[in-house]
Amino acid sequence: MLDAVTIEIMWTRIVSIVDEAAKVIARTAFSTLSNDANDYACVLTDADGASLAQNTYGIPSFIATLPATVRHVLAEFGAASMQDGDIYMTNDPWLGTGHLPDVCLVKPLFHAGQLVAFAATTSHVPDIGGQVRSIAPREIYEEGLHIPPVLFLRGGMPDALLVKLIRLNVRTPDQTMGDVWAQVAALEVMEARLRQLMTDYALTSLSTLANEIYDRSERAMRTAIRTVPEGVYHYEMQTDGMAGAGMVSPFTLRVALTVKDGRIDADYTGTTAQQPCAINCPLTYTYAMTAYAVRCALLPDLPNNEGMFRPVGVHAPEKTLLNPIFPAAVGGRAATGHYVPVLVFGALHQALPGKVMAAPGSPLWNMTLIGEDQGRRYACVLFFNGGLGGRAASDGVSCLSWPSNISTTPVEVAERAAPVLIRYKRLTPGSGGDGTHRGGLGQEALVELRGAAGSSAFFMTERTSIAAPGLGGGDAGGLGAVIIDGVAADTRRPHHLQQGSTVLIRTPGGGGYGPVAARDPALRERDRAQDYVSVG
């Protein structure tokens, strides 16, 4: 049995290992998705694939999906077949993070000849072939190269045919494979640092440490859950939906949250059926977003690991938006999955008023530009964030991503990655929902295409027709919009931009919290002075 001080020291070192590996990806990746937008994660698991640690600033949805990928690889190949220097690869949405652009790597780690752990990484590569990432595909076959769990490196030697296959099927072979090799470097850092840790403490296995971490974290989470009055809490909301044959508008998302005996179980029965478009969200992602929401509300300061999620269960009927079956299109799964924490918070608000915030302007927005400029092929993903929801004690933060933590693409990075000029980027007055505490503001960004060859533009947007709802009497936030050359655009379909075309991106604001009449007059005066509210 390890004492508390030793556990804390060793656990902190494990967290520092994944954090150092994350820095390797940020500093060596080829695309802006990793080195600027933060769309990647690093995880260490034990020899059974249970999560020991995730990098501190990793994408929340990867908390539960990456360890699940490790377990799938372990089940597929078996520990006995694994060798030192092996690395496995997959982007299967149902085994990984929920869509094809996230390429996952898994490396078995050996110490003194024994399999002791796994290092795993994922990053959103700039292109994976198929149709450019958008809502348009009707089946996964249209979304790009689908890689089942395969050996990428055997004993340290890459599979040249697999590398060639990937390069031939993507628009940006150097960037895509460059990001993959950045992940390999991160895996090697985790391997070296973990071996050093085990040598320093004369460990032959991580089992004792892992079980201490899991058991203590599980007890902490169950204690936190017991502060919630037992019962079943319901919440539902509608989202923009899809127009077209065989599709539904708006979508209905529904949850029944059961709190009992130190457990929370989320049941999404009643959610809209899966759709013939790329807005479906695999169950791995649904679970991860549910667990993340519970963690945020009840135990936000504990580092991520397997133990804290043991008391959280999820059920979503098959063939629904939150549990689609193959070959559903899933490329835009975040456009649905990012609503899951909003549902959980809406249900928890009934039990713990004052503990959760109103709905944010997320899901995350992005515009993907594909084209050629001066002989260079580019595939550039630009991210834009809306406002967070108001909270019981403060206004919502403006232009910040949640439940993801993707960074808004900096102006300089966008202009370097594609032939565009960002004419301005500014807050949108009046976009935050009114309330005792106002929702965070969305932003406006005016993007001008400078490339002579033109460009294809693809959008991932939400809350353009149904705004972020308020909570506890607060008003809904402002709607988002995309305006191309002065005309409101249908963001569910691709658009071709000519040289000189302008795209105005207006992201949604967050919902307000608490009764509107209870807002402090001094805060209203401050809003007027800072142009946070519309005048007239």
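Residues numbered from 1 in each chain as written. Predicted model: local features only at pLDDT ≥ 70, side-chain atom pairs only at ≥ 80, totals over all residues. Heavy atoms only, no water.

1. Examining the overall build of the protein chain
The condition is simple: Strands here are runs of E lasting at least two residues and helices are runs of H or I lasting at least four, both read from the DSSP assignment and numbered beginning at the N terminus. A simple rule labels every residue: compare its accessible area, found with a 1.4 Å probe on the protein chains alone, to the largest value its type can have, and call it buried under 20%, exposed over 50%, or partly exposed in between. What makes two residues a contact is simply this: any of their non-hydrogen atoms within 4.5 Å. Methods summary: accessible areas were calculated by the Shrake-Rupley approach with a probe of 1.4 Å, and residue burial reflects only the protein chains presented. Charged residues are defined here as Lys and Arg on the positive side and Asp and Glu on the negative side; His and the ends of the chain fall outside this count. Each charge is placed at NZ for Lys, CZ for Arg, CG for Asp and CD for Glu.
When helices and strands are counted, the protein chain shows 11 helices and 20 strands. The C-alpha extent of the protein chain, read off along each of the three principal axes, is 70 × 60 × 45 Å. Residues counted as buried form 60% of the 536 residues belonging to the protein chain. Of the contacts made within the protein chain by residues no fewer than 6 positions apart, 72% connect residues no fewer than 24 positions apart. Surface exposure of the protein chain reaches about 19600 Å², of which carbon and sulfur atoms provide 54%. Counting 42 positive and 51 negative side-chain charges, the protein chain places the centres of these two groups 2 Å from one another.

2. Describing the pattern of salt bridges
To keep it simple, the criterion reads: In the sections that follow, a salt bridge refers to a side-chain nitrogen of Lys or Arg positioned within 4 Å of a carboxyl oxygen of Asp or Glu.
Within this structure, the stated rule accounts for 30 salt bridges. Here D527 ties to R438 by a salt bridge, and the two come within 3.3 Å at their closest N and O atoms. Taken as a pair, D527 in helix α11 (residues 521–529) and R438 in the loop between β14 (420–427) and β15 (443–449) lie far apart in primary sequence, 89 residues in all. Between E444 and R506 there is a salt bridge, and its shortest N-O distance comes to 2.8 Å. Here E444, found in strand β15, pairs with R506, found in strand β20 (residues 502–506); they are 62 residues apart in sequence, far enough to count as distant. The buried category is assigned to E444, whose relative accessible area is 10%.

3. Some thoughts on the sheet that holds strand β13 (residues 376–384)
So the rule is basically this: The pairing criterion for strands is at least two bridges between them, as found by DSSP. To obtain each axis, a line is fitted to C-alpha atoms, and for helices this fit is confined to the stretch in contact; angles are then taken between N-to-C directions over 0 to 180 degrees.
Strands sit in the order β13-β12-β16-β19 across an open sheet of 4 strands; the sheet is antiparallel. Looking at the sheet topology across the chains shown, the edges are occupied by β13 and β19 (495–497). When the angles between neighbouring strand axes are averaged without regard to direction, this sheet yields 25°.

4. Here's the deal with the domain arrangement of the protein chain
This is how the line gets drawn: Domain ranges listed in this record stem from an automatic or a database domain assignment. Accessible area, probed at 1.4 Å, shrinks when two parts are joined; the buried area is that loss added up over both. Each polar contact in these results corresponds to two N or O atoms within 3.5 Å; when the atoms are within protein, one needs to be able to donate a hydrogen and the other to accept it, and residues that are neighboring in sequence are counted only if both atoms are side-chain atoms.
Taken domain by domain, the protein chain comprises domain 1 (4–205), domain 2 (224–355) and domain 3 (357–536). Placing the centre of domain 1 and that of domain 2 at their C-alpha centroids yields a distance of 25 Å. Tallying the contact residues gives 31 residues for domain 1 and 31 residues for domain 2. Between domain 1 and domain 2, the buried area comes to about 2500 Å², and carbon and sulfur atoms account for 63% of it. Counting the surface domain 1 buries against domain 2, the share from its top three residues, W94, I135 and R138, is 26%. Taken together, the links from domain 1 to domain 2 amount to 2 salt bridges. Linking R71 and E306 is a salt bridge whose minimum nitrogen-to-oxygen distance equals 3.7 Å. Applying the counting rule to domain 1 against domain 2 returns 13 residue pairs in polar contact (both at pLDDT 80 or more).

5. Details of the side chain of D39
Examined against the element boundaries, D39 turns out to sit in the loop between α2 (32–35) and β1 (40–46). In contact with D39, not counting residues within four places along its chain, are L33, S34, I59, F62, S123, H124, F383 and I406.

6. Describing helix α4 (residues 160–169)
The criterion, for reference: Note that the arc is defined by the directions from the helix axis to the C-beta atoms.
Three or more residues of α4 are buried, namely L162, V163 and I166. Each buried residue of α4 lies within a common arc of 100° when the element is viewed along its axis, so the set occupies one face. Of the exposed residues in α4, those oriented more than 90 degrees away from the buried face are A160, L161, K164 and L168. On its buried face, α4 sits against β3 (87–90), β6 (150–154) and α5 (173–200). A side-chain oxygen of the first residue of α4 lies 3.0 Å from the backbone nitrogen of L161; this N-cap is D159.

7. Considering the state of the cysteines
Here is the rule we go by: Only a pair of cysteine sulfur atoms within 2.5 Å qualifies as a disulfide here.
By the definition in use, this model includes 0 disulfides. Unpaired in this structure, C380 has its nearest cysteine sulfur neighbour in C399, at a distance of 19 Å. Here C380 falls in the buried class, since its relative accessible area comes to 3%.

8. Focus: the sheet that holds strand β4 (residues 102–111)
With antiparallel pairing, 7 strands are arranged side by side in an open sheet as β2-β1-β5-β4-β3-β6-β7. The open sheet has two edge strands, β2 (51–54) and β7 (157–158), and neither has a second partner. Relative to strand β5 (residues 114–124), β1 runs antiparallel, the two being bridged by 7 bridges. Across the sheet, the residue bridging to V43 is A120, located in β5.

9. With respect to the packing of helix α7 (residues 283–298) against helix α9 (residues 340–351)
Our working rule: Should an angle lie under 35 degrees it is considered roughly parallel, over 145 roughly antiparallel, and from 65 to 115 roughly perpendicular; all remaining angles are considered oblique. If you view the pair so one helix is near and one far, a crossing is left-handed when the near helix is turned anticlockwise from the far one by less than a right angle, and right-handed when it is turned clockwise. Ten residues, namely Ala, Val, Leu, Ile, Met, Phe, Trp, Tyr, Cys and Pro, are considered nonpolar, four, namely Asp, Glu, Lys and Arg, are considered charged, and the remaining ones, Gly among them, are considered polar.
For the pair α7 and α9, the least separation of the axes is 8 Å and the interaxial angle reads 45°. Comparing the axis directions of α7 and α9 gives the class oblique. The two elements α7 and α9 meet at a crossing, and its hand is right-handed. Contacts between α7 and α9 involve T286, M289, T290, A293, V294, C296 and A297 from the former and V340, P341, V344, F345 and L348 from the latter. Grouping the amino acids of the contact of α7 with α9 by side-chain chemistry returns 10 nonpolar, 2 polar and no charged.

10. Some words on the side chain of T239
When you line up the elements, T239 lands in strand β8 (residues 231–239). Note on T239: relative accessible area 3%, which makes it buried. In this view, T239 contacts P250, F251, L253, Y339, E462 and I466; residues no more than four positions away in its chain are not counted.

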